[in-house]
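# Breakdown of the fold
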Amino acid sequence: MSRPKLARRIGLSIIALVLFALVAASILAIGVVRQSFPQTGGELDLEGLAGPVQVQRDARGIPTIYADNAGDLFRAQGYVNAQDRFFEMDYRRHLTAGRLSELVGSGGLEADKVIRTMGWRRVAEQELPKLAPETRQYLQAYADGVNAWITSKGSPEAMSLEYRVLDLQHPGYRVELWTPVDSLAWLKAMAWDLRGDYDDELARARLSRGGRISTKQINLLYPPYPFERNLPILSADDWKPAAQQTAQAAGPIPAALRTASGQAAVDRASAAVEAVPTTLGKGEDIGSNSWVVSGSRTTTGKPLLANDPHLSLGIPSIWSQVNLQCRTVSAACPFQVSGFSFAGLPGVVIGHNQKIAWGFTNLGPDVTDFYLEQVTGNTYLRDGANVPLQARTETIKVAGEPDVQIRVRSTVHGPILSDVIPSVNEAGDRVVVRGAPQANSYAVSMAWTALTPSTTADAIFALDKAQNWDQFRAAAALFAVPSQNLVYADTSGHIGYQAPGLIPVRRSSTSGAVPGFWPAPGWDSQWDWKGWVPFDQLPWAYDPPEGFIVTANQAVTASPTPFLTSEWDYGFRAQRIRALLMSAKKVSPEMMTQIQGDVRNTFAPSLIERLLQVQVDDFTAQAQGLLRDWDGTQTGDKGRDGASAAYYNAVWKYLLQYTFDELPPDLAPDGGSRWMIVIEQLLKDPKNDWWDDKTTPGVTEGSGEILKRALVEARLDLARELGKVPATWRWGRLHQLNLQHPVLGGDTVPDVVRSIFNRGGIELGGGNAIVNANSWDAAAPGYDVTTGPSMRMVVDLGDFNRSVWVNSTGESGHAYNPNYADQIDAWTRGESFPWPFTPDAVKAASQAELTLRPPGSQPTPAATTP
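The numbers attached to residues start from 1 for each chain and follow its sequence in the written order. At least 70 in pLDDT is required for a residue's local features to be given in this predicted model, at least 80 for side-chain atom pairs to be given and counted, and no such filter applies to totals for whole chains, interfaces and linings, which use all residues. The side-chain values count all of the structure's non-hydrogen atoms but skip hydrogen atoms and water molecules.

## Quick notes on the overall build of the protein
Helices and strands together make up the secondary structure of the protein, namely 25 helices and 30 strands. In terms of C-alpha radius of gyration, the protein reaches 27 Å, essentially the compact-globule figure of 29 Å for 866 residues. For the protein, the spread of C-alpha atoms along the principal axes amounts to about 90 × 65 × 65 Å. Each residue gets one of three labels from its accessible area relative to the maximum for its type: buried under 20%, exposed over 50%, partly exposed in between, using a 1.4 Å probe on protein chains only. Within the span of the protein, comprising 866 residues, buried residues form 63% of the whole. Between two residues, a contact is recorded if the distance between any of their heavy atoms is within 4.5 Å. The long-range fraction of contacts in the protein, counting pairs at least 24 apart against all pairs at least 6 apart in sequence, stands at 75%. Just so you have it, the protein exposes about 29900 Å², and 52% of that area is on carbon and sulfur atoms. His is not counted, nor are the chain ends, whereas Lys and Arg count as positive and Asp and Glu as negative. Here the site of a charge means atom NZ of a Lys, CZ of an Arg, CG of an Asp or CD of a Glu. Taking the average location of the 78 positive side-chain charges in the protein and that of its 91 negative ones, the two points are 1 Å from each other. The secondary structure listing takes helices from DSSP runs of H or I that are at least 4 residues long and strands from runs of E that are at least 2 residues long, numbered from the N terminus. Taken over C-alpha atoms, the radius of gyration is set against a globule rule of 2.2 Å times the number of residues to the power 0.38. We get accessible surface area from the Shrake-Rupley algorithm with a probe of 1.4 Å; when it comes to residues, only the shown protein chains can shield them.

Structural data, given as structure tokens:
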């Protein structure tokens, strides 16, 4: 479930609607909105501090925190995060605990059922005692800081405007104290959205229903990675695996998937997966760009590192920005680190310290497998014998309504997701399938690496402290989920790459069949995971001869060993970044920022060549002419490029719609890089069955008819939307970003309230499989932006104070705070802000300073920062 879908589910009564409108007017009239704004100057007592802590904020409200010990540093970070973003933190912990209904009512119930079934918080509770003692101390200090702020505010209404609005429909809500597990559980949400292959495995199972679409036709929708065209992250010279495997191919459709019961179970499991709200985003365009350039290729003589994660765009932003500084680095206080983190999680996730910098892109390995289970009563089949299902009862509290109880069942593989949301097609099936004895019905369970307690929290603090390549790799070895491509640079001039994470070893990955292509037979233990790929067998590189490393979710290596996934991003962004880097004799920091804003669609010219060969009527030809001599630059503003981009993307939308009309609406093409390769391959086979329109009996269409139909319909569509004169069209008018609040931004909320929290109508260039990846969903109405660069940063290892960064919205989570949306305009233009790091630079940029002190201590003298 996307954030907009969740917001729509939070229904409101007529009385509540009226009250919403009245309270919104009173809020704006009496200035209630400002009551929850943070205190950013003067002095405050903070229980538990050993000494004074300074919090300096720049013009964008970004805090730099100075302390003498790690406990004080993270206690202050917790306090400051709560000042800025507590409602977001509270929303996230309710979501990850499967308790969203307590906050928003029955609109959160389906999500709660699925998350309780998976047990995100239960796993986080198991992780806490397994973490290093210092990690647990940092988490507790952070929680203490959050709780000091909660205690100081008293009522929810004083904490954030959202509570005041929600109280109209669900009065009496009480905020609980923060715990370390609340922080850890957020890592499960991050892992859920960034895991790979989960939806495609279920999608293939659904497409196999009834044999309407052959295995051959299904396979055409999942083409192999184009290694010769779009290079992987590491070349054969950079990475040589210990052992090689043969190439893999999809196996036959499991017989159980052809039964009514098997299909019904897959449908229910798919519905469960879709019910989980997205936090970071979902789909093929959830990814990132990150690249690092050695000093031998830069104008500064030192490495440059860039990162821009492509995630869901809402308000407030996914990221918070922070600079954490021990006044004197020591064993008791080893942190001088700055960058991006998540509100609710201590430390820095992406950024740099005084010696190294690092960036993340999603590796997207296949870390989930679905298993068909043969269930009879309270047992399931396992190697020829029925064994008991594990079961527990969960009670979900719902604001304003009675509690709801659910029964959670699990197998050795994991929770049964097909239990969660009933299907209208539920039906038992008593047929005998090959290799499967008779069963009452099938169920679908899920194995997922994030349900194994891990040490990812340890990895965050280890990265923050790492001072060299060896320490960086040691930190990466602790990073379990979600598996990421990690790029590295240091002040000594070195660059590197490491793939970390828990990657399952499967039977099928040594048998020549693609692992995870279909749901596996759960009754046969041969299909169980056999362990994890050892860290020293995961790909890495250090100071590669090429002098740069580009990661943009493309294939890591051309080797099938170790098996990571068969479904990468298809590499158009990565290859464009490589081409731009190769075009420069020396790469400057400014060029790194310019590359992040590049809007060239490198796939478009190959499709345009075919589109220009199609004969169309004069009215359509007026628009078709926009494609002639256009190089694929998708600007959002006026001019030839903006007009051409508008028409091209409309043609692309209709081409996908008419070609794949057999697909269910929720499996229709989103227009990402995979579909570009699919169309490219189908154009080589103009009579392929996918071209045929199944709604025209007796007529068999080929590629020519479908291309013409797309050109004509796109012309008509844009004439209605943008006017009859193609030269006046503008991609940005179609391709807009609307930043929506996760709870109070949906369609069911009155306009006057939504206007308080949402920001929208932001015209953007870029698009799918483009470096400036402001992606849109070709299967959805319109062309609105769905995901994009959630932040951007460029780190200069020659002088950290010359680094730049920008967030997609602002540091504050309080509507109408000056820092709620103050970075949007710069982000939209592809601009960034200075990123001060050293004390002098921070002081020069400081606009406010707050001193946090132990209760009972003397007033702190000014200027006590280093």
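## Here we look at the state of the cysteines
By disulfide we mean two sulfur atoms from cysteines, separated by a distance within 2.5 Å. Inspection of every chain in the model, using the stated rule, returns one disulfide. In this model, C326 is linked to C333 through a disulfide, with the two sulfur atoms separated by 2.0 Å. Sign of the S-S torsion, about -85° for the bond between C326 and C333, identifies this disulfide as left-handed. What makes C333 buried here is its relative accessible area of 0%.

## Side note on the pairing of strand 28 (residues 804–807)
We treat two strands as partners when DSSP finds at least two bridges between them. One ladder, built from four bridges, connects strand 27 (residues 791–796) with strand 28; its direction is antiparallel. Counterpart to M791 in the pairing with strand 28 is N807. With two bridges connecting them, strand 28 and strand 29 (residues 833–834) associate as antiparallel partners. The partner of V804 across the bridge, within strand 29, is P834.

## Topic: the side chain of T633
Relative to the elements of secondary structure, T633 occurs in the loop between helix 18 (618–624) and helix 19 (640–659). Here D631 takes part through its side chain, which lies 2.8 Å from a polar atom of the side chain of T633. If we ignore the near neighbours within four places in the chain, the residues touching T633 are V599, R600, D641 and A645. Here a polar contact is taken to be a pair of N or O atoms separated by no more than 3.5 Å, where protein atoms must pair a possible hydrogen donor with a possible acceptor and residues adjacent in sequence count only if both atoms sit in side chains.

## Side note on the packing of aromatic side chains
Between 30 and 60 degrees the pair is tilted, below 30 it is stacked and above 60 it is edge-to-face, where a pair is any two Phe, Tyr or Trp rings, Trp via its six-membered ring, whose centres lie within 6.5 Å. Per the counting criterion, the structure on display carries 41 aromatic pairs. Note on W805 and W835: the rings are 4.3 Å apart at their centroids and 5° apart in plane angle, and the pair reads as stacked. You can see W805 sitting in strand 28 and its partner W835 sitting in the loop between strand 29 and helix 25 (839–845), a full 30 residues away along the chain. Considered together, W805 and W835 belong to a single accessibility category, that of buried residues. Working rule: Lys NZ or Arg CZ, within 6 Å of ring centre, within 35 degrees of ring normal, means a charge sits over the ring. The positively charged end of R92 is found above the aromatic ring belonging to W186, 4.1 Å away from the centroid. It is K653 that lies over the ring of Y783; its NZ or CZ is 5.1 Å from the centre.

## What to know about the environment of Q622
Within the secondary structure, Q622 is located in helix 18. Along the primary structure Q622 and A779 are separated by 157 residues, whereas in three dimensions their C-alpha atoms are 26 Å apart.

## Side note on helix 12 (residues 260–275)
In an α-helix, one full turn covers 3.6 residues, which means residues spaced three or four apart are oriented alike. Here, expected helix span is obtained from the residue count minus one, scaled by 1.5 Å. The terminal C-alpha atoms of helix 12, which comprises 16 residues, lie 23 Å apart, in line with the 22 Å expected from a rise of 1.5 Å per residue. Among the 16 residues of helix 12, 13 are classified as buried, and the element is accordingly described as predominantly covered.

## Considerations on unusual backbone geometry
Note: most residues except glycine have negative phi, and most peptide bonds are trans. Geometrically, the link from I315 to P316 is a cis peptide bond, its omega value of 0° lying close to zero. Mapped onto the secondary structure, P316 falls in the loop between strand 5 (304–312) and strand 6 (320–326). Of note, the amide linkage connecting T561 to P562 takes the cis form, showing an omega dihedral of -10°. By the secondary structure assignment, P562 is in the loop between strand 22 (548–551) and helix 15 (572–582). Despite not being glycine, D629 shows a phi value in the positive range, around 65°. With respect to the secondary-structure elements, D629 resides in the loop between helix 18 and helix 19.

## Notes on the packing of helix 3 (residues 70–96) against helix 7 (residues 133–153)
Axis lines are fitted to C-alpha atoms, over the contacting stretch for helices. Their N-to-C directions set the angle, which ranges from 0 to 180 degrees. Two elements in contact, helix 3 and helix 7, have axes separated by 7 Å at closest approach and are oriented at 50°. Regarding the angle of helix 3 to helix 7, the classification is oblique. At the point where helix 3 passes helix 7, the crossing takes the right-handed sense. Between helix 3 and helix 7, the contacting residues are A70, G71, F74, R75, Q77, G78, Y79, N81, A82, Q83, F86 and M89 on the first element and Y138, A141, Y142, D144, G145, V146, A148, W149, I150 and S152 on the second. Under this grouping Gly is polar, as are all residues other than the nonpolar Ala, Val, Leu, Ile, Met, Phe, Trp, Tyr, Cys and Pro and the charged Asp, Glu, Lys and Arg. By residue class, the composition of the contact of helix 3 with helix 7 is 13 nonpolar, seven polar and two charged. Roughly parallel covers angles under 35 degrees, roughly antiparallel covers those over 145, roughly perpendicular covers 65 to 115, and oblique covers all other angles. Take the far helix as your reference; a near helix turned counterclockwise from it by less than a right angle gives a left-handed crossing, and one turned clockwise gives a right-handed crossing.

## Regarding helix 20 (residues 673–682)
Burial of helix 20 is extensive: nine of the ten residues sit out of reach of the surface. Listed in full, the buried residues belonging to helix 20 are S673, R674, W675, M676, I677, V678, I679, E680 and L682.

## Comments concerning the environment of F370
The residue F370 is located in strand 10 (residues 368–376) in this model. Residue class for F370 comes out buried when judged on its relative accessible area of 0%. Put simply, F370 and S445 are 75 residues apart on the chain and 5.7 Å apart in space, counted from C-alpha to C-alpha.

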